[in-house]
Amino acid sequence: ETGVTQTPRHLVMGMTNKKSLKCEQHLGHNAMYWYKQSAKKPLELMFVYNFKEQTENNSVPSRFSPECPNSSHLFLHLHTLQPEDSALYLCASSQESQENSPLHFGNGTRLTVT
Amino acid sequence: GENVEQHPSTLSVQEGDSAVIKCTYSDSASNYFPWYKQELGKRPQLIIDIRSNVGEKKDQRIAVTLNKTAKHFSLHITETQPEDSAVYFCAASIDGMRFGAGTRLTVKP
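Every chain begins its residue count from 1, and numbering advances along the sequence as written. Chains and ligands are labelled by the order in which they are written, letters from A for the one and numbers from 1 for the other. With the structure being a predicted model, the display of local features is reserved for residues of pLDDT at least 70 and the display and counting of side-chain atom pairs for 80 or more, all residues being used for whole-chain, interface and lining totals. Each side-chain value is worked out from all heavy atoms of the structure, with water and hydrogens disregarded.

(A) Quick peek at the overall build of chain B. In this text, helices come from DSSP runs of H or I with a minimum length of four residues, and strands from runs of E with a minimum of two, each type numbered from the N-terminal end. Of the regular secondary structure elements, chain B holds 0 helices and 11 strands. Traced from its N-terminal end to its C-terminal end, chain B shows the element sequence β-β-β-β-β-β-β-β-β-β-β. Here the radius of gyration uses the C-alpha set of atoms, whereas the globule reference equals 2.2 Å times the residue count to the power 0.38. Whereas a compact globule of 109 residues would reach a radius of gyration of roughly 13 Å, chain B reaches 13 Å, a difference of no more than 12%. A principal-axis box enclosing the C-alpha atoms of chain B has dimensions of 40 × 25 × 20 Å. For chain B, with 109 residues in total, the buried portion stands at 46%. Considering only contacts in chain B between residues 6 or more positions apart, those separated by 24 or more positions represent 52%. Only the protein chains shown count as cover for residues, with accessible areas throughout obtained via the Shrake-Rupley method and a probe of 1.4 Å. Surface accessibility of chain B: about 5300 Å² in total, with carbon and sulfur atoms responsible for 46%. Here chain B contributes 13 positively and 13 negatively charged side chains, and the mean placements of these two sets differ by 2 Å. Each residue is assigned to one of three classes by its accessible area relative to the maximum for its type, calculated with a 1.4 Å probe on protein chains only: buried under 20%, partly exposed between the two thresholds, exposed over 50%. Any two residues whose heavy atoms approach within 4.5 Å are treated as being in contact. Two residue types count as positive, namely Lys and Arg, and two as negative, namely Asp and Glu; His and chain ends fall outside the count. A single reference atom marks each charge: NZ on Lys, CZ on Arg, CG on Asp, CD on Glu.

See below:
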């Protein structure tokens, strides 16, 4: 049990589909994050939520829409994606979105856009 | 924003040898530097971290050094074992965690 659970593990979707990724953390943390991991690229920070409030949107296209109903749950709603959006999407949590809080990652959702 | 560069991108060593991975960062205000290990098909996991008020930290076979003046930090793994084979990521934290591109370490038995 990782403490941060992501579903689904794998997702294949067409460019016209709408789908959602789910993340849940059982660590009592107050900050949650979405990262995108593509081959041979650094982990890209997408969104940061601290105490349910979005504190950072790292110039992410509007076809990615995050939702954080409470400190334990985080969603990433996807619509009209492009093939280049295929990647591993990692959710993470930390005590707070402070500068020196370690991140705890989920196992990720492997997304393929066809 | 912060920019983190990591070298080398791949590293192959013989079992028992040492491995060193180096990172540089651009924002002198960064004050927290973690290292993560990601095995194939698994999530990144924190292996060691260092804060800007410390120059060196060691945990068994793993050590991290930080040079704030030069804005670089390094991961040192001694007596490497095959199970150390993985991708290692450095990160610097200011306005959110920024990661290096990763180093694929292969330890040959």
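(B) Layout of the pairing of strand β3 (residues 18-25) of chain A. Residues and elements named next belong to chain A. Here 4 bridges tie strand β1 (residues 4-7) to β3, and the two strands are oriented antiparallel to one another. Of the residues in β3, the one forming a bridge with Thr5 is Glu24. One requirement defines pairing of two strands: DSSP has to find at least two bridges between them. Summarising the sheet, β3 and strand β8 (residues 73-79) pair through 7 bridges and their orientation is antiparallel. In the strand pairing of β8, Lys19 is matched with Leu78.

(C) Main features of the interface of chain B and chain A. Listed per partner, the contact involves 20 residues of chain B and 21 residues of chain A. Only one rule defines a salt bridge in this text: a Lys or Arg side-chain nitrogen within 4 Å of an Asp or Glu carboxyl oxygen. Linking chain B with chain A are 0 salt bridges, by the criterion used here. Two N or O atoms form a polar contact when they lie within 3.5 Å of each other; inside protein one atom must be a possible hydrogen donor and the other a possible acceptor, and for residues adjacent in sequence the pair counts only when both atoms belong to side chains. For the interface between chain B and chain A, the tally reads 4 residue pairs in polar contact (both at pLDDT 80 or more). Where the side of chain B that touches chain A is concerned, the elements lending two or more residues are β4 (32-38), β5 (45-51), β9 (86-93) and β10 (97-99) of chain B.

(D) A look at the confidence of the model for chain B. On average, residues of chain B carry a pLDDT of 94, and 99% of them reach 70 or more. Looking over chain B, one finds the lowest element-wise mean pLDDT in β10 of chain B, namely 88, and the highest in strand β2 (residues 10-14) of chain B, namely 98. Confidence of the predictor at the level of single residues is given by pLDDT, which spans 0 to 100.

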